[in-house]
Amino acid sequence: MLFINTRPSDRASSLTQALTEAGYQVESLPLLELVAESFSEALQQLYQQLEQVQVIVVVSPTAVEIGMCYLQQAGITLERLAHIQWIAVGKTTAQALAKFNIKSDAPEIENSEGMLQLPILRQHPHLSRIAFWRGQGGRQFMMQQLQQRGISILNFVLYHRQCPEISLKRFPDILSRIQRDQPTMVLISSEASWNYWQQLCGQDLIQAQWVYLVLGERLVKIMENAATQAGGAFNIIPLENLSASGMIQRINDWQGNL
């Protein structure tokens with residue numbers, strides 16, 4: 001069975017290897033690449049306020065890399081942030097923070113909903129100010145939920161997303177080799193990647209036998225609504241995380257129920 005691995009190029013290799021070893025044919029088609037925003041006066045001003053927050057939410061390894069680089073440019077040392085608690089969107093981001101000797105809390109479900117369930121956000125008695133190290137357009141839902149609780153947000157937009165040019169060129173070739181009477185697995189791990197996937201597919205969004213592995217309940221609902229609007233239905237396998245072993249098990253369970 002064909003599996004389209006849509007993870008960014010720098011995070012796709014371990015999943016591709018595990019899937020290949022499990023007997024899947026894997027095509028790499030990253031739907032997102034992350035491009036750093038320039039260090040601006042606005043970011044400089046945000047960094048000067050960073051000591052005043054109680055929590056820093058970091059949404060990707062890229063946010064760690066760029067955020068730490070700009071922290072140094074702003075003249076802020078990590079020692080000055082020792083009182084702050086850190087949240088990572090998942091294990092990979094937590095590992096990136098650990099390289100800077102930062103211990104962080106990470107959810108089991110690696111998305112906004114999972115982070116909102118962390119005790120640090122649910123039970124902190126005096127939580128009033130949180131910083132987000134994120135990409136342009138990301139984590140809107142999470143920030144809105146926190147603002148509705150009266151929490152002030154320091155919004156560090158460190159990079160923007162775009163669909164890689166190479167994927168735009170490769171997709172027609174992949175599509176031409178798909179057997180339309182056979183299911184094709186596609187990983188969808190964020191709303192942004194789903195939006196780019198829809199743009200790539202066009203009419204083939206409904207016509208091909210896609211089986212989507214989808215991270216988190218909210219994204220599942222977004223895709224179900226998109227299917228209804230398109231006049232069809234999608235085969236969706238919900239995921240709680242992006243571990244290769246869990247993904248393979250979920251695929252096996254789905255095949256067993258056919």
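Reading guide: rules and limits
- Residues numbered from 1 in each chain as written.
- Predicted model: local features only at pLDDT ≥ 70, side-chain atom pairs only at ≥ 80, totals over all residues.
- Heavy atoms only, no water.
- UniProt positions renumbered as here; feature names shortened; annotations may be inferred.
- Helix = DSSP H or I, 4+ residues; strand = E, 2+ residues; numbered from the N terminus.
- Rg over C-alpha atoms; globule rule 2.2 N^0.38 Å.
- Buried < 20%, exposed > 50% of the residue type's maximum accessible area, 1.4 Å probe, protein only.
- Areas by Shrake-Rupley, 256 points an atom, 1.4 Å probe, with all protein chains shown as cover.
- Expected span 1.5 Å × (residues − 1).
- Contact = heavy atoms within 4.5 Å.
- Axes fitted to C-alpha atoms, helices over the stretch in contact; angles between N-to-C directions.
- Parallel < 35°, antiparallel > 145°, perpendicular 65-115°, else oblique.
- Left-handed = near helix turned anticlockwise from the far one by under 90°.
- Salt bridge = Lys/Arg side-chain N within 4 Å of Asp/Glu carboxyl O.
- Pairing = 2+ DSSP bridges.
- Right-handed = clockwise from strand over helix to strand, strands pointing away.

Taking an unreviewed UniProt entry as the reference, the protein chain is identified by name as Uroporphyrinogen-III synthase belonging to Acinetobacter parvus DSM 16617 = CIP 108168. As stated in UniProt under Catalytic activity (unreviewed entry), the record for the protein chain gives "hydroxymethylbilane = uroporphyrinogen III + H2O". Of the comments in the UniProt record for the protein chain, the one headed Function (unreviewed entry) reads "Catalyzes cyclization of the linear tetrapyrrole, hydroxymethylbilane, to the macrocyclic uroporphyrinogen III."

(A) Fine view of the overall build of the protein chain. For the protein chain, the helix and strand inventory stands at 12 helices and 11 strands. Relative to its length of 258 residues, the protein chain is compact, with a C-alpha radius of gyration of 19 Å against a globular reference of 18 Å. Taken along the three principal axes of its C-alpha coordinates, the protein chain extends 60 × 35 × 35 Å. Taken across its 258 residues, the protein chain has 49% of its residues classed as buried. Of the roughly 12800 Å² that the protein chain leaves accessible, carbon and sulfur atoms contribute 45%.

(B) Geometry of the environment of E21. Take E21: it is sitting in helix α1 (residues 9-21). When the C-alpha atoms of E21 and S193 are compared, they prove to be 25 Å apart, with 172 residues separating the residues in sequence.

(C) How the structure looks around unusual backbone geometry. Within the chain, N101 stands out as a residue other than glycine whose phi angle is a positive 60°. Owing to a relative accessible area of 74%, N101 belongs among the exposed residues under this scheme.

(D) Region of the structure containing helix α11 (residues 217-230). Taking 1.5 Å of rise per residue, the 14 residues of α11 would be expected to cover 20 Å, and the 20 Å separating its terminal C-alpha atoms lies within 8% of that figure. On its buried face, α11 sits against β9 (184-188), α9 (191-201), β10 (210-215) and β11 (235-239). Looking one or two residues beyond α11, the residue adopting positive phi is G231, at roughly 80°.

(E) Here's a closer look at the packing of α1 against helix α12 (residues 244-256). Closest axis-to-axis distance for the α1/α12 pair is 10 Å, and the angle between their directions is 40°. Viewed along their axes, α1 and α12 adopt a mutual orientation that is oblique. By crossing handedness, the relation of α1 to α12 is classed as right-handed. The segment α1 lies against α12, with L15, A18 and L19 engaging A244, M247 and I248.

(F) Representation of the side chain of T184. You can see T184 is positioned in strand β9. Take T184: its relative accessible area is 3%, and that puts it in the buried class.

(G) Main features of the pattern of salt bridges. This model, assessed by the stated rule, comprises 6 salt bridges. D173 serves as the salt-bridge partner of R177, at 3.0 Å between the closest nitrogen and oxygen. Residue R177 is classed as partly exposed on the basis of its relative accessible area, which comes to 43%. Here D173 falls in the partly exposed class, since its relative accessible area comes to 41%. One network of salt bridges, with partners in common, ties together E27, R170, D173 and R177.

(H) View of the side chain of E27. Mapped onto the elements of the fold, E27 is located in strand β2 (residues 25-28). Sequence-distant contacts of E27, that is, excluding residues within four places in its chain, are made with L2, F3, I4, N5, R170, I174 and R177.

(I) Summary view of the pairing of β11. Two elements, β10 and β11, share 5 bridges in a ladder whose sense is parallel. Looking at β11, one finds that V211 is bridged to N235. In the classification by handedness, the crossover that spans β10, the intervening α11 and the parallel β11 is right-handed.

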